[in-house]
Amino acid sequence: MDQTLLFPFADYWWFYLGFLVFVISMLALDLGVFHKHSHAVGFKEATAWSVAWISLALVFNGILYGYTLFKFGDQTIANQVGLEFLTGYVIEKALSVDNIFVFVVVFGFFGIPAKYQHRVLFFGIIGALIFRAIFIALGSILMQYQAVVLIFGVFLIITGIKMMFQSEASVDPSHNWLLKFMRKHIRITDRMHEDHFFVTQNGLKYATPLFVALIFLEFTDVIFAVDSVPAIFAVTKEPLIVFTSNIFAILGLRSLYFLLAGVVDKFYLLKYGLAFTLIFVGLKMVWLNKLFGGHFPIGISLAIIALFIGGSVALSLLIPQKKDGDSSPS
């Protein structure tokens with residue numbers, strides 16, 4: 001497979017290493033300087049960080065585009081790489097909004113104060129980076145086989161159809177098998193102990209609600225990764241593009257949460273936009289790519305995905321959802 005890739009790992013291991021150093025440096029700066037002391041993240045701060053992460057992703061895309069143009073001397077290849085990164089980033093960013101619904105429920109259920117939520121999300125992001133790296137590495141191997149591509153494509157189509165018809169019932173962690181498993185196998189205290197994940201009481205180690213919430217978020221991300229990673233592999237065969245676009249989207253997830261947590265329920269039609277996106281991506285894998293000689297035009301893909309997601313958000317705002325009890329005047 002490496003012979004068909006523009007950026008084979010054997011030749012670009014240094015790029016992956018440099019990118020990881022950059023990510024670790026940014027995370028260290030985030031926690032060690034900007035969030036050294038626990039505090040509730042306000043709207044202005046969340047907006048500033050969201051703009052910063054999106055800007056970094058776009059700057060990186062420009063650098064990747066410029067390097068590709070310099071390396072291969074082909075405008076078409078450079079355009080393809082730039083659009084693939086942007087499309088992958090948009091897909092992952094949009095799908096991550098679904099995570100925010102879960103974050104709101106989990107933090108509310110465990111009673112995590114606003115000033116400690118950033119700490120939970122920070123360590124959750126570190127775990128997510130590790131799991132995504134593993135998923136992408138496995139995906140880069142499995143996606144060599146056409147049968148696997150078809151299976152993932154069918155899976156995404158089914159997932160999209162189920163998303164359109166799933167109920168709006170709230171997630172209830174109290175009935176989750178993971179919480180029952182944790183309560184059975186580890187000691188858990190019901191009280192918060194500032195920003196600590198563990199506390200010692202009477203000589204015994206107890207996990208705090210902060211730790212339990214963290215485990216829930218990690219588990220949630222693994223589930224969402226099953227959708228998002230194959231979806232980006234449908235856009236590009238380059239693991240480097242899949243990895244970097246995925247990581248940039250995850251890095252901005254915390255600020256996106258604090259930006260949208262209070263209004264995310266207003267985007268009630270977004271699930272349909274995400275559903276149509278997954279169905280479209282699944283169709284690319286099982287049919288459309290083959291129909292277009294092996295690769296559906298990336299520019300058209302980006303336009304279609306932007307239409308689905310942007311359209312669902314716009315319609316949600318233009319046609320507010322009726323609350324229970326609302327009635328039309330007779």
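Scroll up to find the structure this text is about.
Quick caveat: nothing in here was measured; it's all calculated off a predicted structure.

Side note on the packing of helix α5 (residues 146-165) against helix α7 (residues 209-233)
Then, in step 1: Between α5 and α7, whose axes approach to 10 Å, the crossing angle comes to 125 degrees. Of the possible angle classes, the one that applies to α5 and α7 is oblique. Seen from above, α5 lies across α7 with left-handed handedness. For the pair α5 and α7, contact is made by Phe 152, Phe 155, Leu 156 and Thr 159 and by Val 226, Asp 227, Pro 230 and Ala 231, respectively.
Then, in step 2: A class-by-class count of the residues in the contact of α5 with α7 yields six nonpolar, one polar and one charged.

Here we look at the pairing of strand β2 (residues 204-207)
Then, in step 1: Looking at chain direction, strand β1 (residues 198-201) and β2 are connected through four bridges and run antiparallel. Across the sheet, the residue bridging to Gln 201 is Leu 204, located in β2.
Then, in step 2: Hairpin connection between β1 and β2: a loop of two residues separates the two successive antiparallel strands, and Asn 202 in this loop has a positive phi of roughly 55 degrees.

A closer look at the nonpolar core
Then, in step 1: The biggest cluster of nonpolar side chains holds 92 residues, and the ones touching the most others in it are Leu 64, Ile 91, Phe 107, Phe 110, Ile 112 and Val 120.
Then, in step 2: Beyond its immediate sequence surroundings of up to four residues, Val 120 is in contact with Phe 107, Ile 112, Phe 197, Leu 210, Ala 213, Leu 214 and Leu 217.

Quick look at the packing of helix α6 (residues 177-185) against α7
Then, in step 1: Relative to each other, α6 and α7 sit at 140 degrees, their axes nearing to 11 Å. Relative to α7, the element α6 lies oblique. In the packing of α6 onto α7, the handedness of the crossing is right-handed. Judged by residue contacts, Trp 177, Leu 178, Leu 179 and Met 182 of α6 engage Phe 211, Val 212, Ile 215, Phe 216 and Phe 219 from α7.
Then, in step 2: When grouped by side-chain class, the residues that make up the contact of α6 with α7 number nine nonpolar, no polar and no charged.

Comments concerning the environment of Arg 254
Then, in step 1: Considering the arrangement of structural elements, one finds Arg 254 in helix α9 (residues 253-260).
Then, in step 2: Each C-alpha atom, one on Arg 254 and one on Ala 46, is 8.3 Å from the other, the two residues being 208 residues apart in sequence.
Then, in step 3: If we skip the residues at most four places from it in the chain, Arg 254 touches Leu 27, Asp 30, Trp 53, His 118, Leu 121, Phe 122 and Ile 125.
Then, in step 4: At 3.5 Å, the side chain of Arg 254 forms a polar contact with the backbone oxygen of Leu 251.

So, the layout of surface pockets
Then, in step 1: A volume near 460 Å³ is recorded for the second largest pocket.
Then, in step 2: Lining of the second largest pocket is provided by 17 residues; of these, Gln 146, Val 149, Lys 237, Asn 289 and Gly 294 occupy positions nearest its centre.
Then, in step 3: Contributions of two or more residues to the lining of the second largest pocket are made by α5 and α10 (270-291).
Then, in step 4: The leading source of residues in the lining of the second largest pocket is α10, at four residues.
Then, in step 5: Residue composition of the lining of the second largest pocket, by class: eight nonpolar, seven polar and two charged.

Quick word on the pattern of salt bridges
Then, in step 1: Scanning all chains against the criterion turns up two salt bridges.
Then, in step 2: The salt bridge partner of Asp 221 is Arg 132, with a shortest N-O separation of 2.8 Å. Of this pair, Asp 221 sits in helix α7 while Arg 132 is found in helix α4 (residues 114-142), placing the two residues 89 residues apart along the sequence. The burial state of Asp 221 is the same as that of Arg 132; both residues are buried.
Then, in step 3: Here the salt bridges share partners, and the residues they tie into one network are Glu 92, Arg 132 and Asp 221.

Brief notes about a nonpolar patch on the surface
Then, in step 1: Where nonpolar side chains cluster on the molecular surface, the patch consists of Ile 126, Ile 130, Phe 131, Ile 134, Leu 138 and Leu 142 and spans about 500 Å² of accessible area.
Then, in step 2: Relative to the elements of secondary structure, Leu 138 occurs in helix α4.
Then, in step 3: Given a relative accessible area of 49%, Leu 138 falls into the partly exposed group.

Concerning the side chain of Ser 50
Then, in step 1: Along the chain, the position of Ser 50 falls in helix α2 (residues 43-72).
Then, in step 2: For Ser 50, a relative accessible area of 9% gives the class buried.
Then, in step 3: A polar contact is formed between the side chain of Ser 50 and the side chain of Ser 255, at a distance of 3.3 Å.
Then, in step 4: Filtering out sequence-adjacent residues up to four positions away, Ser 50 remains in contact with Ser 255, Leu 256 and Leu 259.

What to know about α2
Then, in step 1: Its 30 residues give α2 an end-to-end C-alpha distance of 43 Å, which sits within 8% of 44 Å, the value for a rise of 1.5 Å per residue.
Then, in step 2: Inspection of α2 places Ala 46, Trp 49, Ser 50, Trp 53, Ala 57, Phe 60, Asn 61, Leu 64 and Thr 68 among the buried residues, and these make up the whole buried set.
Then, in step 3: Gly 73 sits one or two residues past α2 and shows a positive phi near 60 degrees.

Points about the environment of Glu 45
Then, in step 1: For Glu 45, the position within the fold is in helix α2.
Then, in step 2: For Glu 45, a relative accessible area of 23% corresponds to the partly exposed category.

Cut-offs and rules
- Residues numbered from 1 in each chain as written.
- Predicted model: local features only at pLDDT ≥ 70, side-chain atom pairs only at ≥ 80, totals over all residues.
- Heavy atoms only, no water.
- Axes fitted to C-alpha atoms, helices over the stretch in contact; angles between N-to-C directions.
- Helix = DSSP H or I, 4+ residues; strand = E, 2+ residues; numbered from the N terminus.
- Parallel < 35°, antiparallel > 145°, perpendicular 65-115°, else oblique.
- Left-handed = near helix turned anticlockwise from the far one by under 90°.
- Contact = heavy atoms within 4.5 Å.
- Nonpolar A, V, L, I, M, F, W, Y, C, P; charged D, E, K, R; others polar.
- Pairing = 2+ DSSP bridges.
- Core = buried A, V, L, I, M, F, W, Y, C linked by side-chain atoms within 4.5 Å.
- Buried < 20%, exposed > 50% of the residue type's maximum accessible area, 1.4 Å probe, protein only.
- Polar contact = N/O pair within 3.5 Å; in protein donor to acceptor, adjacent residues only side chain to side chain.
- 1 Å grid on protein atoms, 1.4 Å probe; cavity = no way out; pocket = protein on both sides within 12 Å on 5 of 7 lines; lining within 4 Å.
- Points joined across faces, edges and corners; volume = space filled by probe spheres on them.
- Salt bridge = Lys/Arg side-chain N within 4 Å of Asp/Glu carboxyl O.
- Patch = residues over 30% accessible without salt bridge, like charges linked within 9 Å, V, L, I, M, F, W, Y side chains within 5 Å.
- Areas by Shrake-Rupley, 256 points an atom, 1.4 Å probe, with all protein chains shown as cover.
- Expected span 1.5 Å × (residues − 1).

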